[in-house]
Amino acid sequence: MMRTFGIEEEFMLVDRRTLAPVDLAGDAVAELGERPHRGEVTNEFLPSQLEHATAICEDLEEARLAISSFRSELGAWAKQHGLRAIGSGTPFDLPGRPPEFSSARYRRIARDVGMLAGEHLINGMHVHVGVSGLEEGVRVVNGLRPWLPLLVGLSSNSPFWAGADTGHHSWRSIQVRRWTTHGTPPHFHDYEEYQSLVARLQGVGATSSYSSNGWAVRLSPRFPTVEIRVCDAQLGSDSTLGLASVLRALAHACAQADRPPHHVRTHVLDSEWWHAARWGITQRIYDPTSDSQQDAAEAIASLRGVIAPAAQEQRADDCVAEFFERIAIEGTGATRQRDALRDGVEGLSRLHARAFSAAAV
């Protein structure tokens, strides 16, 4: 079966010289939302952020056109206004004034989380993968859990914060750990247990509703999909499409598996998540097939082996292969950002500009 999927990308508008956030996303949404962009453009939590969500896609070419065309439009809009649009899990620098919030809903969330709200300058790339029902959805959630640390490493693209190198490859992954619910969901026996725990958590801390549940993989409350929310926003559309292809194939492999995954304790996976956020794929990283840390190349090879049949069935094997080849040659977005900063902030600014100019995949 061909699994439908959709991609959500969060972007930030920044000053092209300082790379600090600029609160003009509402203007971009107002203009770009009226163009034929094959998806939906909306405001995000802070007024420097916006989100583009593709329509439901059945093949890679639909997704390719949607994400590349919107990125081209956003890059052109930003350039026209003397700004940069960036695909990064965190901005290079922070704004110089207290934050505002783009809607009543976000103001309520800001009230719930207190001082954390002003530091929620984080951007993700989310993938929705279609499932045939709630029980299959829970199987996919369970199956994806052990792979989350490696997915953090592969998608790491947020090395900077407040104008400094954090030493982490995914600082966004560290930031989100501070919210009430975050990271790795527990293993569930069935949908009834999933539903029971979700209901129990609502009203606790900042989890005021289902949508504020911060698990990195969860069932959609509105659609027959699994939401995979582990990835940092990506520099370019090629990385976005490649990661989405990997996630779609992995979700399909989990759904089709003839036995349940090895049950790894949540606190172990959260610790491995932190390790992956710190080192990306430059050090040893957790490999679910051996239940231990392995050289990153070995862990990636394990993932490729698991998803190979599913990627072929979903007609995405070429895209998946290109993604891993690019990672092997260029490294992740975090590595590329650090390399660009060797030429100063101007070098990093040029990297972001190139990622959005033409935006051809």
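Our subject is the structure listed above.
Summarised in this report is the structure supplied together with it.

Some points on the pattern of salt bridges
Going through the model one piece at a time under the given rule, you end up with 12 salt bridges. For Arg3, the salt bridge identified is with Glu136, shortest N-O distance 3.1 Å. Residue Arg3 is found in the segment before strand E1 (5–15), and its partner Glu136 is found in helix H4 (residues 134–144); the two are separated by 133 residues along the sequence. Glu136 matches Arg3 in its accessibility class, with the two residues each being buried. Measuring nitrogen to oxygen at the nearest pair gives 3.5 Å for the salt bridge that ties Arg284 to Asp295. Taken together, the residues span a long stretch of sequence, with Arg284 in the loop between helix H9 (266–279) and strand E10 (285–287) and Asp295 in the loop between strand E11 (292–294) and helix H10 (296–313) at a distance of 11 residues. Here the salt bridges share partners, and the residues they tie into one network are Arg3, Glu136 and Arg139.

Focus on the pairing of strand E5 (residues 124–130)
Where burial is concerned, most of E5 is hidden: seven out of the seven residues are buried. As paired elements, E1 and E5 share five bridges and run antiparallel to each other. Directly across from Phe5, in E5, lies its bridge partner Val129. Note that E5 and strand E9 (residues 225–232) share six bridges and pair antiparallel. The residue of E9 that forms the bridge with Gly124 is Asp232.

Focus: H10
For H10, built from 18 residues, the straight-helix expectation of 26 Å at 1.5 Å per residue is met to within 8% by its first-to-last C-alpha distance of 26 Å. In the structure, H10 departs most strongly from a straight axis at Ile307, where the bend amounts to approximately 50° and where the proline Pro309 lies between one and four residues downstream. Positive phi appears at Arg315, one or two residues downstream of H10, with a value of about 55°.

Digging into the packing of aromatic side chains
A full pass over the atoms with the stated rule returns eight aromatic pairs. Measuring from centroid to centroid gives 4.9 Å for Phe188 and Tyr194, while their planes differ by 70°, and the two rings are edge-to-face. Exposure class is identical for Phe188 and Tyr194. Each is buried. When the ring of Tyr191 is compared with that of Tyr194, the centres are 6.1 Å apart and the planes differ by 20°; the resulting orientation is stacked. Of the two residues, Tyr191 and Tyr194 both sit in helix H7 (residues 191–201), three residues apart, roughly one turn of that helix. Exposure class is identical for Tyr191 and Tyr194. Each is buried. Here a set of aromatic residues connected by ring pairs shows up, and it is made of Phe188, Tyr191, Tyr194 and Trp215. Of note, Arg71 hangs over the ring of Phe356, and the distance from its end group to the ring centre comes to 4.9 Å. Against the face of Trp279 rests Arg278, its NZ or CZ located 4.0 Å from the ring centre.

Examining the nonpolar core
Counting residues in hydrophobic clusters, the biggest one holds 86 residues, and the most contacted among them are Tyr194, Val226, Val230, Leu303 and Phe324. The biggest single contributor to this core is helix H8 (residues 237–256), with 11 residues. In this structure, Leu13, Val29, Phe70 and Leu83 belong to the second largest nonpolar core, which totals 17 residues.

The rules behind these values
Residues numbered from 1 in each chain as written. Predicted model: local features only at pLDDT ≥ 70, side-chain atom pairs only at ≥ 80, totals over all residues. Heavy atoms only, no water. Salt bridge = Lys/Arg side-chain N within 4 Å of Asp/Glu carboxyl O. Helix = DSSP H or I, 4+ residues; strand = E, 2+ residues; numbered from the N terminus. Buried < 20%, exposed > 50% of the residue type's maximum accessible area, 1.4 Å probe, protein only. Pairing = 2+ DSSP bridges. Expected span 1.5 Å × (residues − 1). Bend = angle between axes of the 7 residues up to and from the residue. Phe/Tyr/Trp six-rings, centres within 6.5 Å; stacked < 30°, edge-to-face > 60°. Lys NZ or Arg CZ within 6 Å of the ring centre and 35° of its normal. Core = buried A, V, L, I, M, F, W, Y, C linked by side-chain atoms within 4.5 Å.

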